[in-house]
Amino acid sequence: AVVSTQSTGKTRAQRNKEKIEKLKAEELVAGRASKQHTHQLLRIKAIKKEIRAETVAAKEVTKQRQAKKHIVSLRPGKYGPGKLLEEQPDFLLPEEVSSSLRQLVSPANAVQDRFTSLQKRNLVEVRKKVNPHRKYALKYVEKWRRKLPEELKELTKMKRNKRKPKKVIKMAE
């Protein structure tokens, strides 16, 4: 089996040229890769420094997260869906304040203050006041016992009239 050079349509010189160009391209790529490798070898210290900085930053972030989780775990859980609305503290105007602080009476309620404090610290559920209401109106039914005796007699007569007498079928013997 003889392979002719005419089948591929290229001369030996052209094939040789292509081989040389291919080898040169491969050498170029290999040269670039080796250059990059040597550059990275020379940069080892800087790369190590970058890696250390990244690990230190990551450790700091994890420490902060753990501290935050620990603080949150110490707090009591949230009870109920409501949120406590902060009220502005009551204060007296300069004209209302007496000259002597001994005569000053605080308008605060100790029980109420304690309760709001418990709500702020999530120890007691915060709720909205619910007004009692019904979905449907009540139906009023008049009971038979409450009716007058005359009315009862009339009702029982009406019931008796509605009943039909039973039919008795006799069988022929």
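Residues numbered from 1 in each chain as written. Predicted model: local features only at pLDDT ≥ 70, side-chain atom pairs only at ≥ 80, totals over all residues. Heavy atoms only, no water.

## A closer look at the overall build of the protein chain
Now for step 1: Of regular secondary structure, the protein chain possesses four helices and zero strands.
Now for step 2: The secondary structure elements of the protein chain, listed N-terminal to C-terminal, are α-α-α-α.
Now for step 3: Split into buried and exposed, the 173 residues of the protein chain put 1% on the buried side.
Now for step 4: A separation threshold of at least 6 residues defines the contact pool for the protein chain, and within that pool the share at least 24 residues apart is 55%.
Now for step 5: A total of about 19,000 Å² of accessible surface is found on the protein chain, and carbon and sulfur atoms cover 57% of it. (Helix = DSSP H or I, 4+ residues; strand = E, 2+ residues; numbered from the N terminus. Buried < 20%, exposed > 50% of the residue type's maximum accessible area, 1.4 Å probe, protein only. Contact = heavy atoms within 4.5 Å. Areas by Shrake-Rupley, 256 points an atom, 1.4 Å probe, with all protein chains shown as cover.)

## Some remarks on the side chain of Q119
Now for step 1: Here Q119 is to be found in helix α3 (residues 110-120).
Now for step 2: Here Q119 is in contact with L84, V124, E125 and V126, once residues within four sequence places are set aside.

## Some words on α3
Because each turn of an α-helix spans 3.6 residues, side chains separated by three or four positions in sequence point in the same direction.
Now for step 1: Where α3 begins, one side-chain oxygen reaches toward the backbone nitrogen of V111, 3.3 Å away; that side chain belongs to N109.
Now for step 2: Positive phi appears at N122, one or two residues downstream of α3, with a value of about 60 degrees. (Polar contact = N/O pair within 3.5 Å; in protein donor to acceptor, adjacent residues only side chain to side chain.)

## Quick notes on the pattern of salt bridges
Now for step 1: Applying the stated rule across the entire model yields three salt bridges.
Now for step 2: Between E18 and K10 there is a salt bridge whose closest N-O contact spans 2.8 Å.
Now for step 3: Relative accessible area serves as the criterion here: at 38%, E18 is assigned to the partly exposed category. (Salt bridge = Lys/Arg side-chain N within 4 Å of Asp/Glu carboxyl O.)

## Some points on the confidence of the model for the protein chain
Now for step 1: When pLDDT is averaged along the protein chain, the result is 82; 83% of the residues meet or exceed 70.
Now for step 2: Element-level pLDDT for the protein chain is lowest in helix α4 (residues 149-162), with a mean of 70, against a maximum mean of 94 in helix α1 (residues 12-42). (pLDDT = per-residue confidence, 0-100.)

## With respect to unusual backbone geometry
Now for step 1: Look at N122: it is not a glycine, yet its phi comes out positive at around 60 degrees.
Now for step 2: Tracing the backbone shows N122 in the loop between α3 and α4.
Now for step 3: The partly exposed category is assigned to N122, whose relative accessible area is 26%.

## Quick notes on a nonpolar patch on the surface
Now for step 1: Together, L92, V97, L101 and L104 give the surface a local cluster of nonpolar side chains, amounting to about 360 Å² of exposed area.
Now for step 2: Mapped onto the elements of the fold, V97 is located in the loop between α2 (44-74) and α3.
Now for step 3: Residue V97 is classed as partly exposed on the basis of its relative accessible area, which comes to 37%. (Patch = residues over 30% accessible without salt bridge, like charges linked within 9 Å, V, L, I, M, F, W, Y side chains within 5 Å.)

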